[in-house]
Amino acid sequence: MTDSHKTDSHKTEPHTTDASLRRRAIRLVTAAYRRATLGPVPRLFDAVFYERTYPDVVASGLDPYLHFVRSGAAADRNPSADFDTAYYRDQSGPTALDPVRHYMSLGVKAGFDPSPAFSTVAYLARYPDVARAGANPLLHFRTDGRAERRIASPSLARPLNAVFLRGVPEGRQWAYPNARIPRFCLSLLRNAPVAACTQAAARICLLLTLDGSEVDVLTHNLAAFADSALDSLAIEIDMRLRLHPPNPTLALTLESCFHGARDADGTTLVRYAEARLWDLAPDIPRLKASFPPGCLAVRELA
């Protein structure tokens, strides 16, 4: 029995070696083909996870990322533990790029979420330093944010209501106050000269780091100004006077805008069709209130 077992083992060993060599050769060839046609593997793709989750990929010998692009994504296979292909495709629809490359090049700007557990919009709103650096939010959370104990909020993709950064370029995301501009003033205006507001913008987003009392004052004044007899109403914030939260607590979006250039005293005028106030304090940002058309002066104070 023992001799027979040894004989059988020796007989199958060459076949095992041949299969291993064949897989290795396929891997080398397909990896070279992937580099030539697709380029380097995106950092959001986890080859170890992919092969461990889908052992048939290992058996095929194919380059893991090439397999994902050619057939895995179409079968709703996931490229990493924190990227849900089917969930992402529900938002993006059919795309020429695979879900990973689409998210990295287009999906972040569109506000799409890579999984139910991660909100792209909320992460960028909560941590504007990530947005300013142009870092991919999911990759930042994976490599740095989790270790820094940053918060990843659940996705808002299904209730499509908190998309305040969607389509807003970095130049129209204004964060106040901050280390460079600790003091600023928002002035609600009855009117602003049309000639001073010549640059069109679908949306401008002010990311505001305010404490509880400042939030209440801003909310009340936005609501009351439209019905008041005042020509203007100024709200000044100075983060040097008392402790402020570490991250933005409100987002004020100005919809269908025309704005001017920042003038010599640091003021930018904006005319808008609607103002929306978003509460960023909870894990899931929510629309706090909406306000009618108006004008706003944003002034950076020395």
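Note that this is a predicted model, so its numbers are computed, not measured. (Residues numbered from 1 in each chain as written. Predicted model: local features only at pLDDT ≥ 70, side-chain atom pairs only at ≥ 80, totals over all residues. Heavy atoms only, no water.)

**A look at the overall build of the protein**
So, step 1. In terms of regular secondary structure, the protein is built from 10 helices and 9 strands.
So, step 2. Taking 2.2 N^0.38 as the reference for a compact globule, 302 residues should give roughly 19 Å; the C-alpha atoms of the protein span a radius of gyration of 26 Å, well beyond that estimate.
So, step 3. Across its three principal axes, the protein shows a C-alpha extent of roughly 100 × 40 × 35 Å.
So, step 4. Here the protein holds 302 residues, and the buried ones make up 47% of them.
So, step 5. Here the analysis covers contacts within the protein between residues at least 6 apart in sequence; of these, 70% occur between residues at least 24 apart. (Helix = DSSP H or I, 4+ residues; strand = E, 2+ residues; numbered from the N terminus. Rg over C-alpha atoms; globule rule 2.2 N^0.38 Å. Buried < 20%, exposed > 50% of the residue type's maximum accessible area, 1.4 Å probe, protein only. Contact = heavy atoms within 4.5 Å.)

**Examining the pairing of strand β5 (residues 250-259)**
So, step 1. With respect to burial, β5 is a largely interior element, 8 of its 10 residues being buried.
So, step 2. Relative to β5, strand β3 (residues 199-208) is paired through 9 bridges, and the arrangement is antiparallel. In the strand pairing of β5, Cys205 is matched with Thr253.
So, step 3. Across 6 bridges, β5 lies against strand β7 (residues 274-279) in antiparallel orientation. Across the sheet, Glu255 pairs through a bridge with Glu274, a residue of β7.
So, step 4. Pairing of β5 with strand β6 (residues 267-272) involves 2 bridges; the strand directions are antiparallel. Bridging from a neighbouring strand, Phe258 pairs with Arg271 of β6. (Pairing = 2+ DSSP bridges.)

**Considerations on the confidence of the model for the protein**
So, step 1. Of all residues in the protein, 91% have pLDDT values of 70 or greater, and the mean over the chain is 87.
So, step 2. Mean pLDDT across the elements of the protein bottoms out in helix α1 (residues 2-37) (71) and peaks in β6 (97).
So, step 3. Per-residue pLDDT stays below 50 along residues 1-12; that stretch engages in 0 contacts with residues further than four places along the chain or on separate chains. (pLDDT = per-residue confidence, 0-100.)

**Comments concerning the nonpolar core**
So, step 1. Grouped together as the largest cluster of nonpolar side chains are 34 residues, with contacts concentrated most on Tyr103 and Phe164.
So, step 2. Those elements giving two or more residues to this core turn out to be α4 (64-72), α6 (99-110), α7 (120-126), α8 (128-133), α9 (137-145) and β3.
So, step 3. Top element by residues in this core is α7. It accounts for 4 residues.
So, step 4. The contact partners of Tyr103, leaving out residues within four places of it in the chain, are Leu44, Phe83, Tyr88, Val108, Phe112, Pro114, Phe118, Thr120, Asn136, Pro137 and Leu138.
So, step 5. Formed by 28 residues, the second largest nonpolar core is a distinct cluster that contains Trp174, Val215, Leu250 and Ala275. (Core = buried A, V, L, I, M, F, W, Y, C linked by side-chain atoms within 4.5 Å.)

**Re the packing of aromatic side chains**
To describe a pair of aromatic rings, one takes the distance between the centres and the angle between the planes.
So, step 1. Scanning all chains against the criterion turns up 15 aromatic pairs.
So, step 2. Taking 5.4 Å as the distance between ring centres and 40° as the angle between the ring planes, the aromatic pair formed by Phe118 and Tyr123 counts as tilted.
So, step 3. Taking relative accessible area as the criterion, Phe118 reaches 3% and is therefore assigned buried.
So, step 4. By the ring-pair criterion, three or more aromatic residues cluster together here, those being Phe45, Tyr50, Tyr54, Tyr65 and Phe68.
So, step 5. For Arg150, the ring lying beneath its charged end belongs to Tyr127, and the centroid distance is 4.8 Å.
So, step 6. The side chain of Arg190 reaches across the aromatic face of Phe225, ending 4.3 Å from its centre. (Phe/Tyr/Trp six-rings, centres within 6.5 Å; stacked < 30°, edge-to-face > 60°. Lys NZ or Arg CZ within 6 Å of the ring centre and 35° of its normal.)

**Re the environment of Lys288**
So, step 1. Structurally, the position occupied by Lys288 is in strand β8 (residues 286-291).
So, step 2. With 10 residues separating them along the chain, Lys288 and Trp278 place their C-alpha atoms 5.1 Å apart.
So, step 3. Setting aside its immediate chain neighbours within four residues, Lys288 contacts Val215, Thr219, Leu250, Leu277, Trp278 and Asp279.

**Points about unusual backbone geometry**
So, step 1. That bond from Tyr176 to Pro177 is cis: its omega, -20°, falls within 30 degrees of zero.
So, step 2. For Pro177, the position within the fold is in the loop between β1 (173-176) and β2 (183-189).
So, step 3. Phi angles above zero are rare outside glycine, and Asp76 is one such case at about 60°.
So, step 4. By the element assignment, Asp76 lies in the loop between α4 and α5 (85-92).
So, step 5. Using a relative accessible area of 37% as the deciding quantity, one classes Asp76 as partly exposed.

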